[in-house]
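# Report on the structure
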Amino acid sequence: MVVNPIKATKRLNFMPHTTLVDLILNYPKDRAQEDVLIFLNAKGKVKNNLTFKDLEQRCMNYAFNISQFASKHEIVLITLEDQEDFVVSFFGCLLAGKIPAPIAPLQHKRNQSSWGKLENILKKQSNASVLVRESEYDDVLGFLQENGLLNTRIYTTEALDKPDAIPVELPKIQTSQVAYIQYTSGSTSKPKGIVLTHEQILKNLEKMYRVFNRGQVVRVAGWIPFYHDMGLVGHLFTVLYESGFGVFLNPSTFLAKPELWLKAFSEYHANSGAAPTFAFKHCVSKIKNFDGIDLSSWQHAYVGSETVTIEVLERFIDTFKPQGFNPNTFRPVYGLAEVTLLAAGGALGFEDLLSTVEKNSLSNSSRRKLIPYTLDKECTTVTIVNPDTLQELPDGQEGDIIVKAKHNFSGYLKYDLNFDKLQAVTVNTGDVGYIKDDNLYITGRRKEIIIVRGRNYSAEDLEHSARQFITNLRPNDATACLQDLEDPLNSVIVLQEIHRHLDSDKQEEIIAQIKANLSDGFGIKAQAILLIAQGTLARTPNYKLARGKCLDQFKSNKLRILSQSGKTSGLATTRNKQNEEVVIVG
C-alpha cells in the first residue's frame, strides 16, 4: 500500500489572493517585466507575449472601457478563439465587476450546435451580452435579429482592448461574489451554467497547489481551450496564482501538429501540462519525427477530463521514454466543473500508483484496469452512496460518488438565483465508483449504465472488452456501446470506428471479434454492430465521446455506415431525454 503523500507545503513566490482579480494585480513587482504568458502561432513560433505588467495594464484598460457600457451582474458570453484576446477580456470583465461566461467559439453558420447553444443561453438570460471579434459582429447581429434577441448587447474585443481608456473607479470585488459562469460541455445543445464564486475557485487552487506539491515555480505548456475548466483553472489560473509561466498553442494547432506541444516543453523548459487521455493517444498516433523533442523537464503531466486508460499511458511512455519522458510524470486526476476542477488524484505518479490499480470484476475476461485517485481529506469529503436510499456505503462497495467541499459550485444558473446569497453545495457527480484504502476508483457514469437481463454494466467496460484482440483497429478508432432506454427490448448497439478504406474481409473479422468478445466476456449479444468511418462519432467540445449524441446519430440515420451486422429496424426512434446534469444533494 502506498502512503498518502499529501501534506502541507510552503508556498513559492507567495502573493496574497482573496479574489481572482488579485491574480492580475498581485504579482512579484521585481518580476514585472518578465514574461508570464506566451502565445504561439500555428507553426509553433511566438505570436505575442505578455509580461506581468503588460497583463495588468491591458486588463485594467479593458475594464475601464467595458465599465462605460455593462450593467451590474451582466453576464458577458466570451466566444473568442484567440487565447490572448480571451485572457485580457476575461480578466477585464472581472475587474469591472462583470460576470464572464466562456463558451466555445462560434463556428460557421452551418454548424448549428454552437449557434444553438448561444441561442439557448440568451433566451434564458435576459442580462447576458456577447463578446466577439469585429469580423464576427455582422453574423452575430443577424443571428440575434433572426431569433428575436434584439435586446442582447454585442461587444467587440477590438473596441474594448484599447490603451487610451479613460480611468474610472472600478468596483471592489468581494470573495463571496460570482466570479464567472462555467458552461458544461455536455452532449446536448442546452448547456448548463455552473455558478462559481471567487472563494470557491481560490479554495480549489489552494488545494491543487498543496496536493500537487511541485516544489518549484510552475511552468506550463498547454493547448486546452480556456473555455474548458481544465484549460482555464488548471493552466491559466494556476500560472497566475503561483506567479509562474505559461506557453500556449491553439487547440487546432495541437490537433494538426501535436509535436509542437511537446516541443514547447523542450524550448521553454516547461515542467507541467494537463490534457485528456485522447491527447496522449493522439501524440503516439501522429508524431513520427522526434527531432527537437526533449521531455526531460516535464515532471507533472496531469491526465484527466475523461477516463484515464492505463494502456494509453503505457504506449505514450514506451514511445517517448527515449525523449526523456519519465513514467512517473503522469499524474491521473479526477475532477469536474461543479467542484471548480480537482476532486481527487494528482498526488502520485504513474509508477507509484501501479501497485494499487484494480480490475473491474464485472466481466469474465479482459477486465478493465481501474486507476486509483488518491483522496485529499483536508478540504474535500468524497463518499459513496446507494443511489436509491442515499445511504453511505462501506469501502469496496460500488455506488454514486458524492463530493462535499468549500470549492464546490453554488448551483446552476437560473433566473431566480440570488447572486447575493451563494454557498457551496454538495454534489452527486453522476459518476459511479468505490473507495478502497483512501483511493477512489471510478467504474462509469450513472447515465451510461447498460442494463441486460436485470444486470448493470458500465458502457466503458463493454467498450473495452468489445475492441480486445482486434489488430485492425487503430488507437484513435473510438468504440461506443449504447442502449436506448425507450426501446422495450433494451437492445445493445455497438458503434465501432474503422479506417474507411479497410477491405470487406477485415471488416467482417472485426464484427465477428466484437461479437465473440461481448459473448465471452459478458454473455451479451448486441442487436446491432455498425462499423463507421473513423472520426465521425459525436464528441463533446473537449473531445470526450458523447454517447447521448452518438445514440441520436444512430436513431436519426446520420452515421456513415461502412458495414453492419444485426437488425436496426424496430428500435425506438424517439429521443432519449435523460437528465445529464450533476445532481445537487440537499
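Residues numbered from 1 in each chain as written. Predicted model: local features only at pLDDT ≥ 70, side-chain atom pairs only at ≥ 80, totals over all residues. Heavy atoms only, no water.

Secondary structure summary: the protein chain contains 16 helices and 28 strands in total. Classification of the 586 residues of the protein chain by burial places 58% in the buried group. Intrachain contacts of the protein chain at a sequence separation of at least 6 include 72% that bridge at least 24 residues. Counting every atom, the protein chain has about 24,800 Å² of accessible surface; 47% of that belongs to carbon and sulfur. (Helix = DSSP H or I, 4+ residues; strand = E, 2+ residues; numbered from the N terminus. Buried < 20%, exposed > 50% of the residue type's maximum accessible area, 1.4 Å probe, protein only. Contact = heavy atoms within 4.5 Å. Areas by Shrake-Rupley, 256 points an atom, 1.4 Å probe, with all protein chains shown as cover.)

So, about the sheet that holds strand 4 (residues 99-102). The four strands lie next to each other as 4-3-5-6, forming an open sheet whose pairing is parallel. In this open sheet, the two strands that pair with only one neighbour each are strand 4 and strand 6 (154-156). Geometrically, the sheet is characterised by an average inter-axis angle of 30 degrees between neighbouring strands, direction not taken into account. Sheet topology note: the strand 3 (residues 75-78)/strand 4 ladder contains four bridges and is parallel. Considered in strand 4, the bridge of Ile-75 is made with Ile-99. (Pairing = 2+ DSSP bridges. Axes fitted to C-alpha atoms, helices over the stretch in contact; angles between N-to-C directions.)

Another aspect to go through is the packing of aromatic side chains. Applying the stated criterion across every chain, the model contains 35 aromatic pairs. With a centroid separation of 5.5 Å and 75 degrees between ring planes, the pair formed by Trp-298 and Phe-325 is classed as edge-to-face. Here Trp-298 is found in the loop between helix 11 (277-286) and strand 12 (300-304), whereas its partner Phe-325 is found in the loop between helix 12 (310-320) and strand 13 (330-335), with 27 residues between them in sequence. We note that Trp-298, like Phe-325, is buried. (Phe/Tyr/Trp six-rings, centres within 6.5 Å; stacked < 30°, edge-to-face > 60°.)

The predicted model of the protein chain has a mean per-residue pLDDT of 86, with 88% of residues at 70 or higher. Of all secondary-structure elements in the protein chain, the lowest mean pLDDT belongs to strand 28 (residues 583-585), at 45, while strand 10 (residues 245-248) reaches the highest, 98. Throughout residues 1-10 the model reports pLDDT below 50, and contacts reaching past four residues in sequence, or to other chains, amount to 22 contacts. For the stretch residues 362-366, pLDDT sits under 50, and the model shows 15 contacts to residues farther than four places along the chain or on other chains. (pLDDT = per-residue confidence, 0-100.)

Moving on, we get to the packing of helix 3 (residues 83-95) against helix 8 (residues 229-241). Closest axis-to-axis distance for the helix 3/helix 8 pair is 13 Å, and the angle between their directions is 75 degrees. When the interaxial angle is binned, helix 3 and helix 8 end up roughly perpendicular. The residues of helix 8 that touch helix 3, namely those facing Phe-86, Val-87, Phe-90 and Phe-91, are Leu-232, Leu-236, Phe-237 and Leu-240. Grouping the amino acids of the contact of helix 3 with helix 8 by side-chain chemistry returns eight nonpolar, no polar and no charged. (Parallel < 35°, antiparallel > 145°, perpendicular 65-115°, else oblique. Nonpolar A, V, L, I, M, F, W, Y, C, P; charged D, E, K, R; others polar.)

Another aspect to go through is the sheet that holds strand 25 (residues 492-498). On the basis of which strands lie adjacent, the open sheet formed by four strands has the order 24-25-26-27 and mixed pairing. Bordering the open sheet on either side are strand 24 (479-483) and strand 27 (561-566), each of which pairs with just one other strand. Pairwise comparison of adjacent strand axes, ignoring direction, gives a mean angle of 15 degrees for this sheet.

A grouping of Asp-503, Asp-505, Glu-508 and Glu-509 is seen on the molecular surface, where their side chains present a negatively charged patch. Looking at where Glu-509 falls in the secondary structure, it is placed in helix 15 (residues 504-522). (Patch = residues over 30% accessible without salt bridge, like charges linked within 9 Å, V, L, I, M, F, W, Y side chains within 5 Å. Salt bridge = Lys/Arg side-chain N within 4 Å of Asp/Glu carboxyl O. Lys, Arg positive; Asp, Glu negative; His and termini not counted. Charge placed at Lys NZ, Arg CZ, Asp CG, Glu CD.)

Our focus in this paragraph is the side chain of Glu-74. Its location among the elements puts Glu-74 in the loop between helix 2 (52-67) and strand 3. A distance of 2.6 Å separates a polar atom in the side chain of Glu-74 from a polar atom in the side chain of Ser-129. Side-chain polar atoms of Glu-74 contact the side chain of Tyr-155, separated by 3.0 Å. With residues near it in sequence (within four places) discarded, Glu-74 still touches Lys-98, Ile-99, Asn-127, Ser-129, Arg-153 and Tyr-155. (Polar contact = N/O pair within 3.5 Å; in protein donor to acceptor, adjacent residues only side chain to side chain.)

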